[in-house]
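Each chain, written out:
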Amino acid sequence: MRADRLVAVLLLMQTRGRVTAAELAAELEVSVATARRDLEALATAGVPVYPQPGRHGGWQLVGGARTDLSGLSEPEARALFLLAGPAASSSPEVKAALRKLLRALPETYRTGAQAATGATLIDPDPWGARRPDPPETVRRLQEAVIGAQQVTFAYQGRPRDADPWGLIDKDGVWYLLAGTDQGRRTFRLDRLTDLTPNGKTFTRPSDFLLGTAWAEVVEALEERRSRTWAELLIPERFLWVLREHFGRHCRPGQTLDDGRVRVRVGAPTARDIARTLAGWGSTVEVLSPPEVRAELSRIGAELVAGYPQP
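A quick note: this is a predicted structure, and the numbers were derived from the prediction, not measured.

A.B. asks: Where do I start with the pairing of strand S6 (residues 173-180) in this structure?
C.D. replies: The side chains of a regular strand alternate, first on one face of the sheet and then on the other. In terms of burial, S6 is a largely internal element, seven of the eight residues being buried. Relative to S6, strand S5 (residues 158-170) runs antiparallel, the two sharing seven bridges. By the bridge assignment, Pro164 is partnered in S6 with Ala178. Counted along the chain from S5 to the antiparallel partner S6, the turn is two residues long, and its residue Asp171 has a positive phi close to 55 degrees. The sheet contact formed by S6 and strand S7 (residues 183-188) spans six bridges and is antiparallel. Each bridged residue has a counterpart across the sheet, and for Leu177 the counterpart in S7 is Thr186. In sequence, S6 turns back onto S7 through a hairpin of two residues.

This is the structure:
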């Protein structure tokens with residue numbers, strides 16, 4: 001006797017109030033005898049169901065009793081449906097899971113949860129472009145993570161064995177965070193080939209938290225992405241554009257009397273900063289370091305030489 005079928009029986013009883021064995025059999029695609037045994041099993045297990053004989057009889061919960069199979073509070077249910085709702089449009093599995101969970105919620109929660117499902121649409125494609133599809137290896141690695149199955153793959157041509165601890169989707173680029181014989185490592189999935197389970201299992205470290213571990217990886221990478229810093233002045237009304245260009249590596253400071261803001265921006269090299277700022281012309285004044293000013297001068301000279309005045 002399958003536990004998921006018993007749950008389905010209970011959900012139907014909560015939704016319809018009263019059901020017959022024949023109705024259950026048709027809904028669950030089992031025989032009438034099997035449906036009757038399921039109902040009797042619920043009663044034996046202590047669920048308050050009872051049969052009511054007669055022409056309009058059937059099985060129902062005693063006194064209209066309800067069992068909240070989800071254990072969620074109303075704010076928790078609404079938050080879950082807000083989060084998972086957008087994924088339901090592209091995943092039949094998620095849609096089916098939400099439908100089952102909705103039936104398990106108390107009646108008073110359902111209206112808000114159902115509204116939350118369709119309250120948000122996520123469009124992952126940037127303007128003028130399409131977000132790339134996830135690598136084919138994502139699904140296989142997800143199964144390996146859940147099943148604690150060690151995998152073997154080639155990474156940039158080098159064979160590796162790894163314990164897959166978790167997957168990260170960062171702005172359309174997928175990463176694997178894994179344990180190796182050299183410690184914790186991060187791999188880009190688009191550089192990973194020849195993935196296969198090697199038949200071994202692993203135990204994830206008891207203190208491992210994917211969110212915490214990934215935050216440490218991001219912090220280390222962002223530090224490398226900002227090895228060079230420049231100080232500049234920019235009109236305050238353009239500060240938001242600079243923030244979009246440099247992200248977390250844009251740090252505004254004092255606003256001067258002339259309306260300009262003193263800002264520090266970071267990038268891997270002086271040339272990277274200069275390339276980003278060159279199109280601003282005289283709108284931006286770079287105060288330091290000399291290396292960025294020299295790169296801007298070089299870019300300007302090349303443009304003048306390549307595009308002389310007629």
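A.B. asks: I'm lost on a positive patch on the surface in this one. Help?
C.D. replies: The grouping of Lys95, Arg99, Lys100 and Arg103 at the surface amounts to a positive patch. Following the sequence through the fold, Arg99 ends up in helix H5 (residues 92-104). Assessed through its relative accessible area of 45%, Arg99 is described here as partly exposed.

A.B. asks: Sorry if this is basic, but what is going on with the sheet that holds S5 here?
C.D. replies: As a general point, the strands of a sheet are linked pairwise by backbone hydrogen bonds and lie either parallel or antiparallel. Read across the sheet, five strands follow the order S7-S6-S5-S4-S8 without closing on themselves; strand pairing throughout is antiparallel. Edge strands, defined here as strands with exactly one partner in the open sheet, are S7 and strand S8 (192-201). On average, each strand axis in the sheet is inclined to that of its neighbour by 45 degrees, with strand direction left out of account. Each of strand S4 (149-155), S5, S6 and S8 is contacted by helix H7 (residues 137-147), which is oriented at about 95 degrees to S5, the strand it contacts most.

A.B. asks: How should I be thinking about unusual backbone geometry in this particular structure?
C.D. replies: Peptide bonds are, in most cases, trans, and in most cases residues other than glycine have a negative phi. A cis geometry characterises the amide bond from Ser288 onward to Pro289, with omega recorded as 0 degrees. Of note in this structure, Ala148 is not a glycine but carries a positive phi near 55 degrees. Looking at the element boundaries, Ala148 is found in the loop between H7 and S4. Residues other than glycine seldom take positive phi values, yet Asp194 does so here, at roughly 55 degrees. Mapped onto the fold, Asp194 is located in strand S8. According to the relative accessible area criterion, Asp194 is exposed, its value standing at 62%.

A.B. asks: Sorry if this is basic, but what is going on with the nonpolar core here?
C.D. replies: Burial of nonpolar side chains together is a common tendency in soluble globular proteins. Residues Leu232, Leu242, Val263, Val265 and Leu277 are the most contacted members of the largest nonpolar core, which totals 19 residues. Of all the elements in the fold, those that place two or more residues in this core are strand S9 (228-235), helix H9 (239-246), strand S11 (260-267) and helix H10 (270-277). With near-sequence residues (within four places) excluded, Val265 lies in contact with Thr228, Trp229, Ala230, Leu232, Leu242, Phe246, His249, Cys250 and Ile273. By size, the runner-up hydrophobic cluster in this structure holds 16 residues, among which are Ala25, Leu28, Trp59 and Leu61.

What counts, and where the lines are drawn
- Residues numbered from 1 in each chain as written.
- Predicted model: local features only at pLDDT ≥ 70, side-chain atom pairs only at ≥ 80, totals over all residues.
- Heavy atoms only, no water.
- Buried < 20%, exposed > 50% of the residue type's maximum accessible area, 1.4 Å probe, protein only.
- Helix = DSSP H or I, 4+ residues; strand = E, 2+ residues; numbered from the N terminus.
- Pairing = 2+ DSSP bridges.
- Patch = residues over 30% accessible without salt bridge, like charges linked within 9 Å, V, L, I, M, F, W, Y side chains within 5 Å.
- Areas by Shrake-Rupley, 256 points an atom, 1.4 Å probe, with all protein chains shown as cover.
- Salt bridge = Lys/Arg side-chain N within 4 Å of Asp/Glu carboxyl O.
- Lys, Arg positive; Asp, Glu negative; His and termini not counted.
- Charge placed at Lys NZ, Arg CZ, Asp CG, Glu CD.
- Axes fitted to C-alpha atoms, helices over the stretch in contact; angles between N-to-C directions.
- Contact = heavy atoms within 4.5 Å.
- Core = buried A, V, L, I, M, F, W, Y, C linked by side-chain atoms within 4.5 Å.

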